[in-house]
Amino acid sequence: MLSSRPLISRSSLRILHIPRIAQRDNTRASFSTFTVRLQQNKTMAERPTGLKAISGIELLTFPTPNGVKASILLEELKEAYGKEYTMQAIDIRTNVQKEPWFTKLGPNGRIPVIVDHDQGGFAVQEGLAILSYLTRHYDPDHKFSFTDPFDISRAEQWMAWQHGGLGPMQGQANHFNRFAPERIPYGMQRYTGETERLVGILDNHLKDQDYLVGNKYSIADIASFGWVNGLRFAGVDIDRFPNLKAWAERILARPAVAKGLAVPFDMGLGNDQYLKKLEDDREFAEKEKALAEQIQAAKEKYGYKYASP
Ligand SMILES: N[C@@H](CCC(=O)N[C@@H](CS)C(=O)NCC(=O)O)C(=O)O
């Protein structure tokens, strides 16, 4: 039963690099405050055992920074073109994504995956490939994509950058700051610092433009947004990156983005939600302060200096 499991601990957010191992008490306490929302979620009640749609796009997902890439774009396509989709919640804490029916569709055994029932059940894994596939087939007016080959390349570059850089590094920052069985100062400062370096690059790129490519909201922005929205949770102060913060607020203001973040439910780890939690929950605020001090001490121990690029 879902209610017997702690939120976010163990495999719940593997992209946040949460191992299925016992955690230190203080890390568990930090996360327990987030548990209620997940535990109340009803969409997790049934364990999927296969595909359920027979037409249109079927999305297999969980509300992580990678998962929301697909759900945000699908919500945008729904709003822009009336394109409906079917969704199945894949509870990654219970390894549904490792089951044979799932790995047949997404061999990497990770979410998100989409299946296009209107194209003979063609399956797509990996965020970049999903964003590209969906816009190539279902964004005829290029509202979220490009026609100019150089802009197409620019968008690909930012999406590849997110896949190879921001996602993995921020995921490791989460892991070393929060979920590793022991606090390893070198890892903490290494991955938090690398995340800062990467978001510094976004911040710099956004100093003269509202969006990453062609000054137009697109799949290039969607690819990184989920991660940027979770920066505070990863131990990075987004206030230090004003252009990036303004970009994230701009994107968050879009109704389809708010909807996409809540597919299949709202994890409650966004930057604003994190700040609200600090205000509302004194115990949480104390734990977070202690964590921030540990990260700072780790940086000092290894002489970390912010530099970007
Ligand atoms: N590069 C992939 C990463 C996908 C990924 O790591 N997904 C995580 C959740 S955000 C996952 O499914 N974790 C479960 C697991 O590792 O088994 C993408 O961008 O789609």
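Criteria and cut-off values
Residues numbered from 1 in each chain as written. Predicted model: local features only at pLDDT ≥ 70, side-chain atom pairs only at ≥ 80, totals over all residues. Helix = DSSP H or I, 4+ residues; strand = E, 2+ residues; numbered from the N terminus. Contact = placed C-beta atoms within 7 Å. Pairing = 2+ DSSP bridges. Axes fitted to C-alpha atoms, helices over the stretch in contact; angles between N-to-C directions. Core = buried A, V, L, I, M, F, W, Y, C linked by C-beta atoms within 7 Å. Buried ≥ 20, exposed ≤ 12 C-beta atoms within 10 Å, placed from the backbone. Right-handed = clockwise from strand over helix to strand, strands pointing away. Parallel < 35°, antiparallel > 145°, perpendicular 65-115°, else oblique. Nonpolar A, V, L, I, M, F, W, Y, C, P; charged D, E, K, R; others polar. Arc of directions from axis to C-beta. pLDDT = per-residue confidence, 0-100.

Let us now look at the overall build of the chain. Counting its secondary structure elements, the chain contains 12 helices and four strands. Partitioning the intrachain contacts of the chain with sequence separation of at least 6 by distance along the chain shows that 74% fall at a separation of at least 24.

Turning our eyes to something else, we now look at the sheet that holds strand β1 (residues 57–61). In space, the four strands of this open sheet follow the order β2-β1-β3-β4, with mixed pairing throughout. The open sheet terminates on both sides in strands that have one partner only, identified here as β2 (85–89) and β4 (122–125). On average, each strand axis in the sheet is tilted by 20° relative to the strand beside it, whichever way the strands run. One ladder, built from five bridges, connects β1 with β2; its direction is parallel. Residue pairing for β2: T61 is matched across the bridge by A89. Against the sheet, helix α3 (residues 67–81) makes contact with β1, β2 and β3 (113–116), and its axis sits at roughly 150° relative to β1, the strand it touches most.

L73, I219 and L244 are the most contacted members of the largest nonpolar core, which totals 72 residues. For this core, the leading source of residues is helix α6 (residues 149–179), giving eight residues. With residues near it in sequence (within four places) discarded, L73 still touches L131, L134, F144, I219 and I222.

This next bit is on the pairing of β4. In this structure, β3 lies alongside β4, joined through four bridges in antiparallel fashion. Paired with V115 across the two strands is A123, which belongs to β4. The hairpin turn running from β3 into β4, its antiparallel successor, is five residues long, and G120 in that turn takes a positive phi close to 65°.

We now examine the pairing of β1. With five of five residues buried, β1 lies mostly within the body of the structure. The two faces of β1 match: I57, L59 and T61 on one face and E58 and L60 on the other face are all buried. In the classification by handedness, the crossover that spans β1, the intervening α3 and the parallel β2 is right-handed. Direction of pairing for β1 relative to β3: antiparallel, over a ladder of four bridges. In the strand pairing of β3, E58 is matched with V115.

The next subject is the environment of F225. By secondary structure assignment, the location of F225 is in helix α8 (residues 219–228). It is 7.8 Å that separates the C-alpha atoms of F225 and P65, two residues lying 160 residues apart in sequence. The contacts of F225, once residues within four sequence positions are left out, are I72, A248 and I251.

Pairs of packed helices are described in terms of their axes, by the angle between the two and the distance that separates them. At a minimum axis distance of 9 Å, the contact between helix α5 (residues 127–138) and α6 shows a crossing angle of 155°. Regarding the angle of α5 to α6, the classification is roughly antiparallel. Here α5 contributes G127, L128 and L131 to the contact with α6, which in turn contributes M159, A160 and H163. Among the residues forming the contact of α5 with α6, the class breakdown is four nonpolar, two polar and no charged.

Another point: the packing of α6 against α8. Where α6 contacts α8, the axes come no closer than 8 Å and their chain directions differ by 10°. The angle between α6 and α8 places the two elements in the roughly parallel class. Seen from α6, the contacting residues are A155, W158, M159, Q162, L166, G167 and Q170; seen from α8, they are I219, A220, A223, S224 and W227. A class-by-class count of the residues in the contact of α6 with α8 yields eight nonpolar, four polar and no charged.

This part covers helix α9 (residues 242–252). Those residues of α9 not exposed but buried are L244, W247, A248 and I251. The buried residues of α9 occupy an angular sector of 95° when the element is viewed end-on, so they sit on one face. The exposed residues of α9 that point more than 90 degrees off its buried face are P242 and E249. Contact partners of the buried residues in α9: α7 (185–205), α8, α10 (255–261) and α11 (271–280).

Here the chain shows a mean pLDDT of 89. Residues at 70 or above account for 86%. Between residues 1–40, whose pLDDT stays under 50, and residues either more than four places distant or in other chains, the model counts 75 contacts.

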